[in-house]
Amino acid sequence: MTSSAPAVRARRRTVAAVVLCAGLTASLAACAGEDPDKGTNGVGKLTAAQIDRKTRAAADAADAVRLTGKLVSKGVTYSLNMRLSGEGGTGSVTSEQNTFALLRVGDELFLKADAGFWKGGTGDDGSDQAADKLQGKYVKVPEDDPTYQQLRGFTEKKTLLDGMLTLHGKVNKGDRDTIGGIRTVQIMGGKGEGGALDVSLEGTPYPLRVARGGGGGTITLADWGQTFALEAPSEDDTVDYGGELPRSSG
């Protein structure tokens, strides 16, 4: 009786070890097969085309957004830092030669630029004097000025987003990532040149980053739905240019 006790205890330890290992194996298998969309908004389970429709609808419905990054248009690279809403926009744009601030409230568009921008205007003998007068001040851009529509485009939420969020070719689903601590899934246009969107897997499926096809730049989109104040500048901070504005295309 006594001599067999160690063997019994040994068998019990072996059985316990086998049970423990089996339990750990089952747990690890469960972890390995865990749903990657658990705790998300479920968008990752959709097809690429469905994700595309949902994220564009979310962007259209949002009251406001902030855009930062680089946009390439007609061969010119612009660095954007703009806050946009359906009522207007405010922020800064840097081209290859100039930096200027834009503010639009409804149809009223205001431009604030450095002296270099204004010296690039008419080129007459008064350009230096105009630059000294205008730098650091807001200038209301006349709606009939040739530059008005070009500059206004930077402040138009719908115009910018419609262009940026359009993927060309057959849409495919890409990898998952994290942007600003938020889990995302990527959808891409066809043939590697159709652009790519990183869509939030948390909360509303907003697009959080867009890489435009054909080297058109990369823009980060944030502060979705966060409203901001839009007010026309005071009279003390505004001057009249009194002529056709310089072109801002470089």
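Preceding block: the structure.
Here the structure is a predicted model, which is why all the values come from computation and not from measurement.

Engineer: Which residues make up the side chain of Ser85, and what values go with them?
Structural biologist: When you line up the elements, Ser85 lands in strand E2 (residues 76–85). A distance of 3.1 Å separates a polar atom in the side chain of Ser85 from the backbone nitrogen of Glu87. Ignoring anything within four residues of it in the chain, the contact list for Ser85 reads Asp63, Ala64, Lys157, Phe228 and Leu230.

Engineer: An account of the nonpolar core is needed here, citing residue identities and associated values.
Structural biologist: Judged by nonpolar contacts, the single largest core of 50 residues is most densely connected at Leu67, Leu80, Trp118 and Trp224. No other element matches the five residues that E2 contributes to this core. If we ignore the near neighbours within four places in the chain, the residues touching Leu67 are Leu80, Asn81, Met82, Leu84, Leu160, Leu161, Met164, Ile219, Thr220 and Leu221. In terms of nonpolar packing, the next biggest core, distinct from the first, is built from six residues, Ala64, Leu103, Phe110 and Phe228 among them.

Engineer: Hey, could you go over the pattern of salt bridges for me, with residue numbers and the actual values?
Structural biologist: Between side chains of opposite charge, a pair can form when the charged atoms approach closely. Tallying each qualifying case throughout the model produces 13 salt bridges. Of the charged contacts in the structure, one is a salt bridge between Arg66 and Asp223, with a shortest N-O distance of 3.1 Å. Of this pair, Arg66 sits in strand E1 (residues 64–73) while Asp223 sits in the loop between strand E11 (218–222) and strand E12 (238–239), and the two are 157 residues apart along the sequence. Note on Asp223: relative accessible area 24%, which makes it partly exposed. Salt bridges sharing common partners tie together Arg104, Asp107, Arg152 and Glu156.

Engineer: So what's going on with the layout of surface pockets? Residues and values would help.
Structural biologist: Space inside the largest pocket adds up to approximately 330 Å³. In terms of lining, the largest pocket is formed by 13 residues, of which the most central are Leu71, Ser73, Gln150, Phe154 and Leu160. Counting residues per element, the ones that place at least two in the lining of the largest pocket are E1, helix H5 (148–153) and helix H6 (157–164). Sort the elements by how many residues they give to the lining of the largest pocket and H6 lands first, with four residues. Grouping the constituent residues of the lining of the largest pocket by class yields five nonpolar, six polar and two charged.

The rules behind each value
- Residues numbered from 1 in each chain as written.
- Predicted model: local features only at pLDDT ≥ 70, side-chain atom pairs only at ≥ 80, totals over all residues.
- Heavy atoms only, no water.
- Helix = DSSP H or I, 4+ residues; strand = E, 2+ residues; numbered from the N terminus.
- Polar contact = N/O pair within 3.5 Å; in protein donor to acceptor, adjacent residues only side chain to side chain.
- Contact = heavy atoms within 4.5 Å.
- Core = buried A, V, L, I, M, F, W, Y, C linked by side-chain atoms within 4.5 Å.
- Buried < 20%, exposed > 50% of the residue type's maximum accessible area, 1.4 Å probe, protein only.
- Salt bridge = Lys/Arg side-chain N within 4 Å of Asp/Glu carboxyl O.
- 1 Å grid on protein atoms, 1.4 Å probe; cavity = no way out; pocket = protein on both sides within 12 Å on 5 of 7 lines; lining within 4 Å.
- Points joined across faces, edges and corners; volume = space filled by probe spheres on them.
- Nonpolar A, V, L, I, M, F, W, Y, C, P; charged D, E, K, R; others polar.

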